[in-house]
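Analysis of the macromolecular model
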Number of protein chains: 6
Amino acid sequence: MFDPKQNVLVVSGHAADYVWRAGGTIAKYLKHGAQVKVVVLSLGVRGESNDLWNKPNQTYETVAAIRKSESLEAASKLGITDIEFWDYEDYYMALDDEAKLNRMAALIRTFRPHHIITHGDLDLLNPDHDAVNAFVFKASVLAISNGVPIEGTKTSTQTRIFGFEPHQSEICNFKPEVIIDISETMEMKVAAMHCFKAQSHLIEYYTQKACMRGNHARRLSGNKTYAYAEAFTRRFPYVGEWLV
Amino acid sequence: MFDPKQNVLVVSGHAADYVWRAGGTIAKYLKHGAQVKVVVLSLGVRGESNDLWNKPNQTYETVAAIRKSESLEAASKLGITDIEFWDYEDYYMALDDEAKLNRMAALIRTFRPHHIITHGDLDLLNPDHDAVNAFVFKASVLAISNGVPIEGTKTSTQTRIFGFEPHQSEICNFKPEVIIDISETMEMKVAAMHCFKAQSHLIEYYTQKACMRGNHARRLSGNKTYAYAEAFTRRFPYVGEWLV
Amino acid sequence: MFDPKQNVLVVSGHAADYVWRAGGTIAKYLKHGAQVKVVVLSLGVRGESNDLWNKPNQTYETVAAIRKSESLEAASKLGITDIEFWDYEDYYMALDDEAKLNRMAALIRTFRPHHIITHGDLDLLNPDHDAVNAFVFKASVLAISNGVPIEGTKTSTQTRIFGFEPHQSEICNFKPEVIIDISETMEMKVAAMHCFKAQSHLIEYYTQKACMRGNHARRLSGNKTYAYAEAFTRRFPYVGEWLV
Amino acid sequence: MFDPKQNVLVVSGHAADYVWRAGGTIAKYLKHGAQVKVVVLSLGVRGESNDLWNKPNQTYETVAAIRKSESLEAASKLGITDIEFWDYEDYYMALDDEAKLNRMAALIRTFRPHHIITHGDLDLLNPDHDAVNAFVFKASVLAISNGVPIEGTKTSTQTRIFGFEPHQSEICNFKPEVIIDISETMEMKVAAMHCFKAQSHLIEYYTQKACMRGNHARRLSGNKTYAYAEAFTRRFPYVGEWLV
Amino acid sequence: MFDPKQNVLVVSGHAADYVWRAGGTIAKYLKHGAQVKVVVLSLGVRGESNDLWNKPNQTYETVAAIRKSESLEAASKLGITDIEFWDYEDYYMALDDEAKLNRMAALIRTFRPHHIITHGDLDLLNPDHDAVNAFVFKASVLAISNGVPIEGTKTSTQTRIFGFEPHQSEICNFKPEVIIDISETMEMKVAAMHCFKAQSHLIEYYTQKACMRGNHARRLSGNKTYAYAEAFTRRFPYVGEWLV
Amino acid sequence: MFDPKQNVLVVSGHAADYVWRAGGTIAKYLKHGAQVKVVVLSLGVRGESNDLWNKPNQTYETVAAIRKSESLEAASKLGITDIEFWDYEDYYMALDDEAKLNRMAALIRTFRPHHIITHGDLDLLNPDHDAVNAFVFKASVLAISNGVPIEGTKTSTQTRIFGFEPHQSEICNFKPEVIIDISETMEMKVAAMHCFKAQSHLIEYYTQKACMRGNHARRLSGNKTYAYAEAFTRRFPYVGEWLV
């Protein structure tokens, strides 16, 4: 039933976002043969590496190196081979410039994703995540417009855009629209989460969240085999041939 | 890809609602081999037969007979063979009693639908539609509860519940969550709509709505073959194995 | 700082709701000397005892007896000594009659709670919970009105009304407005949850939820000692002397 | 510019609601020649006469007589000559029965209002007001339906329905959609408000509210002559020939 | 009844937006003697000229010339004689700079519109439209402030601001607040729409939309002569002397 | 009960905002011994000094001097001794640059407020207020992040952020979450408001608003001594030990 000829683009604001929020789904797509490309816009050196900065005389470069190495290791645990680090600065991310928008639009045109997974439209605690959401949407609009010439690319077509679940879902008005069973890759996700030494307190948290989404998934679907799940929003309604 | 072993239950507040709002989708499911059962809760004699009442000395019985005959004819144009008329009074529908709730719960338990399609949660112009929405939801909850004994039935499992698009979508806070291509059955829907002599002004309206939803479907999916479509809400998030 | 001269009224739709959703908070109030009264409107025989009904030849009376006994045991684990069972039927709860409204209003007038804790205003999966929310609010309005005579009572004053967190928070538009640290009573809550044999799958779920709310509480307050927490909505804004 | 051939129906849940919330607008319509009919569904004996009940040995009959007499006096201060008291019981109002719905529908059919002004769709503090909102809407739907025979009436056409501003606007999600200048009748409104002896604390409150709405009206329109105003919601969008 | 001494300012993000979304209303105002000025911020060369770019070796200049010529021709079909092209770049529009804000504020101060019609506050598919909405609002605030000196202008007063209906209304949370009958100018609108050769697929779409809004207008007003209509949002509530 | 060891940071977009919207609360905190620092980002010369500009040959410098002097005088009426004027330009405020963000973050790190009070998240009439809301939030995020080095500061911890009530509350979706009794400092607030000569029309307005909030406060709390109050939103849920 699953068509392996699918490209999935994941855009992660910081080095670990794609793991906590979509690691199980990414691993599942890869395991079944899809192409997944992950773009990490920043390493989260300033905003998402609090523990590393507790070390005396810590430097930006050292933190950056640690974060990149952890993110690469996590990626490999998930089976990801195609990952790019764009090394933008975080906290506060300024993404609203033409060069950055064109770079992302060009990537969309060349990779031609069927699905884009990135941050959703409100994170009440993290302004970077909101900036990434707007950035990816604007770039996706440039990508599908014939009149926007970008060297070496040709116009792509509309893709689906899914939003990550934020850390504190409820105060961010997060409402799940798609809940994906990740039981078969939960173990990989756990392994990937363990790569982030500076954020070890999040491992239990996201394990529990996957459990809780699994509980919701069973209740809503009646399918008892759904043990772990991840939730997403959809930017646009589902369009298709049959009720899903 | 389509599994014909699917049961679809459609609950229509009045005699024609299922045609205007879901006729194309129903016909498509039937054409591909699914089981579809339509329950018409009332004939809409009081509230949705304005033109018929313009005839002098009109009676409830005559209007009821005309409406039922038109609804049956429309059903046959859509390929529907399983349709029930429960003959409740409309305007204002009082559905909050135990006997009616149990009757619907029993039907859900015996028909065991994979999908239920009925009125959505707000129709700012028609209080009957809101009453039907609440009624079907409550009955679906009774149906899945082991502790609710109903003679001759056994507990069913959670089903998906989809909401019809109301007549004036925007003032009813309607936001499409699922848009279904009905190009291959649009002709059948048009034929079915023509059966309702007292509501002929709605035929053009719902033909245009199908066009407009087709336009949205093309824009959002990139699939140029989607000429006509119908839109629905989902009561619950989608739960499944893959992004849809 | 804590004033032990406080009355807290908890109204629980079914036999276990008050434990999953507010058990830690109740135990904490009791431990520090407040008066807490719990009213269980129904035993949840029909709607919240699925596992018990899996036993062949199960009867309403047996399930009711088991549920009441479990609820009493859980209450004692939380330190609750004042608990009433009103034995209304559940699924579907019909609470909109004068006698029931007056009974609750009379209780509010005699117990004179400073806080009422009950179901919040939307549970997309459980229509009983919504009925309880409306019922308690209406009764609280009768209770404070001089013109509503109820034998043996005198008019009370406005109380605060807090809403439980529903099971699937996000799809119910739940947004935490008050998060209460329950670290010192979490052990009691766990013991209480273990009393419900037919809902054992919920124990892990609500343990995780308490963890997750603890995580949110730490992040939002900066207080590292908050290990477990429960979240609530407020029906009305906070009114007081100082920013809280 | 003002067409005096207009009928305005005001439906007030209790004896004084129409004065606090729409008194200036009513007086203005009357002053300019429109027909205004006020229906007072209940006298608010139980729920809106707290001060009167402070008198020892107070009775329902005495309170009812006082409220009716005050309401009549207030009506005369506003220039109202057509006022009906339906004497339903309040707190809690049960309006969902066929006889009451038909009575209101019949009145709509015979009076044939161009505008209906009644309670809006959420009053977080007063469940009666919500009940009235639903009641008037349902009756208005019956009134326009050919198939709903009511002795001695003929079907009417769709009217505009406006919602009163509730007492605590902001917590009731009230958002003004129409703000009406009442500068020329403010004095009459003040006189009318003074008739309600048991609610004298509200006079200053609603005088200030009229000032504040006047301030908003000036700021939004640029018209400096708007000293006092009343705000309303609209159930349906404005439909017309020109932007307003 | 209609006062021809009215100035209407229309701000259109791209070359054709004002035609699809407000062409009938503009033509009607002009036909009855109002002054209408249209400002086209960009020609939509990059983002709204997809078909033109399908021609090999297409250039920005050629597309710009075609779009401007079509827009001028459409304007003349609507009776517009006062139209300005500001030639900003689109996709992605950067309007948040002082010179542009001052230019628009100066125009508002000199033209002194009674109504401004522009893009509404959310278009989920087109970030340019959202940028225009924010731009016009900010400029309108500068225009009415005494303390903002702009050479050759004097402070203006608050105007009404109306929002266009976006292409996919429902997913953009669009809720009609004003629906305007355009039956008498629908023919002109159709003629104007036909000028845009690269967007011919939109002509049928917006014809149907006008039909559908006409249907809504008839249903909500009871006026059977409303055949075609356009819908708008209002940024602020209506403020005036009488209920509208 | 009140702990005087509290730091409160107030960030005011213009010279008088902190007085109208939080003057009573500020005075109360000071009177009871808390440390309050007020930062005035701009003097509101361009956007909030309309009356001053009516004088012929008025200059930016004169208006700025008057506004600063009035603001200082008002501050002293409230008991404020710690006030900073950052003298940014208003209308339109551009705050999204690194230097400004770092300056505010540094201040948060050194003053270490327990509460921040600033503009809420939507003011439909004043784009500067929205800009300030976003600015303060972003700076607060930088302040608590270990990885954001700012000379001479050390990372602070999460604080509570409260939002001012905007001028036209209801159209700005303002919903009070915290209502603070200011009866004991209302006189000081009135004195402070009288310092702003160019905005004298606002004094009555905000006096009435304080009355109205006092009315709400009494109704919601049952405390009859609350005569005047101010309302705020909370950016985050309350987190604490007990229900409040």
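Above this note sits the structure.
To keep things clear, this report deals only with the structure shown in the data block.

1. Brief notes about the overall build of chain A
The helix and strand tally for chain A stands at six helices and eight strands. Helices and strands in chain A line up, N terminus first, as β-α-β-α-β-α-β-α-β-β-α-α-β-β. Dimensions along the principal axes, computed over C-alpha positions, put chain A at roughly 60 × 50 × 35 Å. A total of about 8400 Å² of accessible surface is found on chain A, and carbon and sulfur atoms cover 51% of it. Side-chain charges in chain A split into 27 positive and 29 negative, and the spacing between the mean points of these groups amounts to 5 Å.

2. A short note on the relation of the copies chain C and chain F
Rotating chain C by 180° about the axis while translating it 0.0 Å along that axis superimposes it on chain F, leaving an RMSD of 0.0 Å. Taken together, the turn and the small shift mark the pair as related by a two-fold rotation axis. Comparing interface residues between copies, 100% of those in chain C also lie at the interface in chain F; the contact surface is shared.

3. Structural notes on the packing of helix 6 (residues 201-221) of chain B against helix 6 (residues 201-221) of chain E
Following both chains from N to C, one finds helix 6 of chain B and helix 6 of chain E inclined at 135°, their axes separated by 10 Å at the closest point. Compared by their axis directions, helix 6 of chain B and helix 6 of chain E come out oblique. As for how helix 6 of chain B packs across helix 6 of chain E, the hand of that crossing is left-handed. Seen from helix 6 of chain B, the contacting residues are Glu 204, Tyr 205, Gln 208, Lys 209, Cys 211, Met 212, Asn 215 and His 216 of chain B; seen from helix 6 of chain E, they are Glu 204, Tyr 205, Gln 208, Lys 209, Cys 211, Met 212, Asn 215 and His 216 of chain E. For the contact of helix 6 of chain B with helix 6 of chain E, the per-class residue count stands at six nonpolar, six polar and four charged.

4. As for the interface of chain C and chain F
Counting residues at the interface gives 34 residues for chain C, matched by 35 residues for chain F. Of the roughly 3500 Å² buried between chain C and chain F on both sides combined, carbon and sulfur atoms contribute 65%. Linking chain C with chain F are two salt bridges. As a salt-bridge pair, Glu 241 of chain F and Lys 28 of chain C come within 3.6 Å of each other at their nearest N and O atoms. At the boundary of chain C with chain F, the tally comes to 18 residue pairs in polar contact (both at pLDDT 80 or more). Broken down by secondary-structure element, the contributors of at least two residues to the side of chain C that touches chain F are helix 1 (17-31), strand 4 (115-118), strand 5 (160-164), strand 6 (178-181), helix 7 (201-221), strand 7 (229-234) and strand 8 (238-240) of chain C.

5. Regarding the interface of chain E and chain B
At the junction of the two partners, chain E supplies 22 residues and chain B supplies 22 residues. Regarding the contact of chain E and chain B, the summed buried area is about 2100 Å², with carbon and sulfur atoms giving 58% of it. The interface formed by chain E and chain B holds two salt bridges in total. Two residues, Arg 213 of chain E and Glu 170 of chain B, come together in a salt bridge whose shortest N-O distance is 2.7 Å. At the boundary of chain E and chain B, one finds eight residue pairs in polar contact (both at pLDDT 80 or more).

Reading guide: rules and limits
Residues numbered from 1 in each chain as written. Chains lettered and ligands numbered in written order. Predicted model: local features only at pLDDT ≥ 70, side-chain atom pairs only at ≥ 80, totals over all residues. Heavy atoms only, no water. Helix = DSSP H or I, 4+ residues; strand = E, 2+ residues; numbered from the N terminus. Areas by Shrake-Rupley, 256 points an atom, 1.4 Å probe, with all protein chains shown as cover. Lys, Arg positive; Asp, Glu negative; His and termini not counted. Charge placed at Lys NZ, Arg CZ, Asp CG, Glu CD. Least-squares fit on C-alpha atoms with pLDDT ≥ 70 in both. Contact = heavy atoms within 4.5 Å. Axes fitted to C-alpha atoms, helices over the stretch in contact; angles between N-to-C directions. Parallel < 35°, antiparallel > 145°, perpendicular 65-115°, else oblique. Left-handed = near helix turned anticlockwise from the far one by under 90°. Nonpolar A, V, L, I, M, F, W, Y, C, P; charged D, E, K, R; others polar. Buried area = accessible area lost by both parts, 1.4 Å probe. Salt bridge = Lys/Arg side-chain N within 4 Å of Asp/Glu carboxyl O. Polar contact = N/O pair within 3.5 Å; in protein donor to acceptor, adjacent residues only side chain to side chain.

Interpretation in functional terms is not warranted from these geometric data alone.
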